[in-house]
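Descriptive structure summary
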There are 2 protein chains.
Amino acid sequence: MRRLTIWSIPIDREICAGDNLGDLLGATGELADGDVVCVSQKAVSKAEGRVIQSDPEHLDEAFEAALAAETRRVLRVRGTTRIVETHHGFVCANAGIDRSNAPAHALVLLPEDPDRSARRIRDRLRFAWNLHVGVIVTDTFGRAWREGVTDVAIGVAGVRAILDLRGTADWTGATLRVTEVCIADEIAAAANLVATKAAGTPFSVVRGIDPAWLAESSARAIVRDSARDLFR
Amino acid sequence: MRRLTIWSIPIDREICAGDNLGDLLGATGELADGDVVCVSQKAVSKAEGRVIQSDPEHLDEAFEAALAAETRRVLRVRGTTRIVETHHGFVCANAGIDRSNAPAHALVLLPEDPDRSARRIRDRLRFAWNLHVGVIVTDTFGRAWREGVTDVAIGVAGVRAILDLRGTADWTGATLRVTEVCIADEIAAAANLVATKAAGTPFSVVRGIDPAWLAESSARAIVRDSARDLFR
């Protein structure tokens, strides 16, 4: 019987532009082959310099400009919250731009290409540390119809985003028809259970994943094409 | 540093009407105080007799009648899929009525009151087995905007549905503003990572949850009021 173990790796300083997250992770000595590492979007964005500094009196203005630049289209507006589709195709509040938890008077944008961010971390761990792991870049999104936010996958490398069970048999022998499971989102959600907002925990490790799930993939597989989407 | 362990408990026969899931779980000897047990909706519904038998030639008819009875309103229709709001307030495909994985020529409906179902299992484990655990009834739902299904919480007892972090400080000292995390959904998603569709695994155990999260709650806290919902 498969057994998962999940824990977070604290880092005792803020992530800065130019930090190599693969090296930071490798140096912790906590990873082993077959693990999946979840890395928070904020850590990735800071390491990649996706931060806009602003003087306090121009922060709102800077936010509006950044939001417009990051948005492909606006789905809904309520109060100060805009539910938008980003250029990546993610539907989320305020294009994922973060003002809390950020350096003072700064905006943290989503990575330009979170799949590429995940791939870089995975490749660094592979070639510099000889560690073969899957990497998921996670962010915290709201949902339609349900209260509360959950962590989801916005970038994926070396672990399947979606597990296609169509055509396989369930345990009664009946054929499963519509079961494509977004395991990347489920792993991201699981990892958030050990993250501590009050401490700096940009990294979580999920150990015990089915080795068959560790394969090339992309978070683009999770983005539902708007032509197929009933709520966009 | 908190460490979660997650595994599933297989049951070597089908769950039948009248089965006491609390006793089935207690008898496995796998639970300890402070655990959260995830129980699949299908196991709960079968134990509660929420199954409609039909002869094969009338199954479609029976399905349409059941769907109409379980539905409060229809949100979208595409092909044979109806996205509806159930009487509980859940938004899901076909009111959560299942035809796969079910006994031949039968429909499995959602529990009438999944919170009550969770409470019964928790109370049985408490009073007959002296085990103090949280219980989550899980089901597999699709989402807006994202491909793939994930497991979510439809019934909750003895574990918080939503963790309200508003007003607490993040690790930079900034006050978190909108962070209500749906940990019940995150736990349900995590539990699904160890469920094996090809085997009968109605139960998963999550060990290591923050004891402060084990408190009275209800999955009704997850149902967004339609007046507050931007996508309904």
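Labelled according to an unreviewed UniProt entry, chain A appears under the name F420-dependent oxidoreductase, originating from Acidimicrobium ferrooxidans.

Another aspect to go through is the pairing of strand S4 (residues 71–78) of chain B. Regular strands place their side chains on alternate faces of the sheet. Residue and element names in this part refer to chain B. Pairing analysis gives six bridges linking S4 to strand S5 (residues 81–86), with the strands arranged antiparallel. Residue pairing for S5: Arg76 is matched across the bridge by Ile83. Following S4, the chain reverses through two residues before pairing antiparallel with S5; Gly79 in that reversal takes a positive phi of roughly 55°.

If you look at the biggest cluster of nonpolar residues, it comprises 54 residues, and the most contacted ones within it are A:Ile136, A:Ile187, A:Ile222, B:Ile136, B:Ile187 and B:Ile222. Only strand S1 (3–9), strand S2 (36–40), strand S9 (150–157) and helix H5 (183–192) of chain A together with strand S1 (3–9), strand S2 (36–40), strand S9 (150–157) and helix H5 (183–192) of chain B provide two or more residues apiece to this core. Those residues in contact with B:Ile187, other than ones at most four positions away along the chain, are A:Leu193, B:Val36, B:Cys38, B:Ile136, B:Val159, B:Val206 and B:Ile209. Listed in part, the 29 residues of the second largest apolar core include A:Val44, A:Val137, A:Ile154 and A:Ala157.

Tracing the sequence through the fold places A:Asn94 in the loop between strand S6 (91–93) and strand S7 (106–108). Not counting residues up to four positions away in its chain, the partners in contact with A:Asn94 are A:Phe63, A:Leu67, A:Thr80, A:Thr81 and A:Arg82.

Turning to the interface of chain B and chain A, a few remarks are in order. If you look at the interface, chain B gives 70 residues, while chain A gives 70 residues. Both sides of the chain B and chain A interface together cover about 6700 Å² of buried area, and 58% of this is carbon and sulfur. Where chain B touches chain A, the interface holds eight salt bridges. In this structure, the connection of chain B to chain A is made through 35 residue pairs in polar contact (both at pLDDT 80 or more). At seven residues, the largest contribution of residues to the side of chain B that touches chain A is made by H5(B). Here the residues of the side of chain B that touches chain A are counted per class, giving 38 nonpolar, ten polar and 22 charged. Across five bridges, the pairing between S1(A) and S1(B) is antiparallel. Residue pairing in the sheet places A:Thr5 in a bridge with B:Thr5 of S1(B).

Glancing now at the packing of aromatic side chains. In total, this model carries four aromatic pairs over all chains according to the counting rule given. On the numbers, 6.2 Å between centres and 70° between planes, the contact of A:Phe90 with A:Phe141 is edge-to-face. Taken together, the positions of A:Phe90 in the loop between strand S5 (81–86) and S6 and A:Phe141 in strand S8 (residues 134–141) put the pair 51 residues apart, joining distant regions of the chain. Accessibility assignment for this pair places A:Phe90 and A:Phe141 in one class, buried. When the ring centre of A:Phe63 is taken as reference, the NZ or CZ atom of A:Arg99 above it lies at 5.3 Å. Across the ring face of A:Trp7, the terminal group of B:Arg3 is positioned such that the distance to the ring centre comes to 4.3 Å.

So, about unusual backbone geometry. Although it is not a glycine, A:Asn130 adopts a positive phi angle of roughly 55°. Relative to the elements of secondary structure, A:Asn130 occurs in the loop between helix H4 (114–129) and S8. Of note in the backbone geometry, B:Asn94 takes a positive phi value of approximately 50° without being a glycine.

All names here are of chain A. The tally for this structure, following the rule as stated, stands at 42 salt bridges over all chains. Across the pair Arg124 and Asp23 runs a salt bridge, and its minimum N-O distance is 2.8 Å. Of the two residues, Arg124 sits in helix H4 while Asp23 sits in helix H1 (residues 21–28), which places them 101 residues apart along the sequence. Of the charged contacts, one joins Asp123 and Arg126 as a salt bridge, the two residues approaching to 3.9 Å between their closest N and O atoms. Placement of both Asp123 and Arg126 in helix H4 is noted, with a separation of three residues, approximately one turn of the helix. Look at Arg126 and you get partly exposed, because its relative accessible area is 31%. Bridged by salt links that share partners, the residues Arg72, Arg73, Glu85, Asp229 and Arg232 form one connected network.

Here is what the cut-offs are and how they apply
Residues numbered from 1 in each chain as written. Chains lettered and ligands numbered in written order. Predicted model: local features only at pLDDT ≥ 70, side-chain atom pairs only at ≥ 80, totals over all residues. Heavy atoms only, no water. Pairing = 2+ DSSP bridges. Helix = DSSP H or I, 4+ residues; strand = E, 2+ residues; numbered from the N terminus. Core = buried A, V, L, I, M, F, W, Y, C linked by side-chain atoms within 4.5 Å. Buried < 20%, exposed > 50% of the residue type's maximum accessible area, 1.4 Å probe, protein only. Contact = heavy atoms within 4.5 Å. Buried area = accessible area lost by both parts, 1.4 Å probe. Salt bridge = Lys/Arg side-chain N within 4 Å of Asp/Glu carboxyl O. Polar contact = N/O pair within 3.5 Å; in protein donor to acceptor, adjacent residues only side chain to side chain. Nonpolar A, V, L, I, M, F, W, Y, C, P; charged D, E, K, R; others polar. Phe/Tyr/Trp six-rings, centres within 6.5 Å; stacked < 30°, edge-to-face > 60°. Lys NZ or Arg CZ within 6 Å of the ring centre and 35° of its normal.

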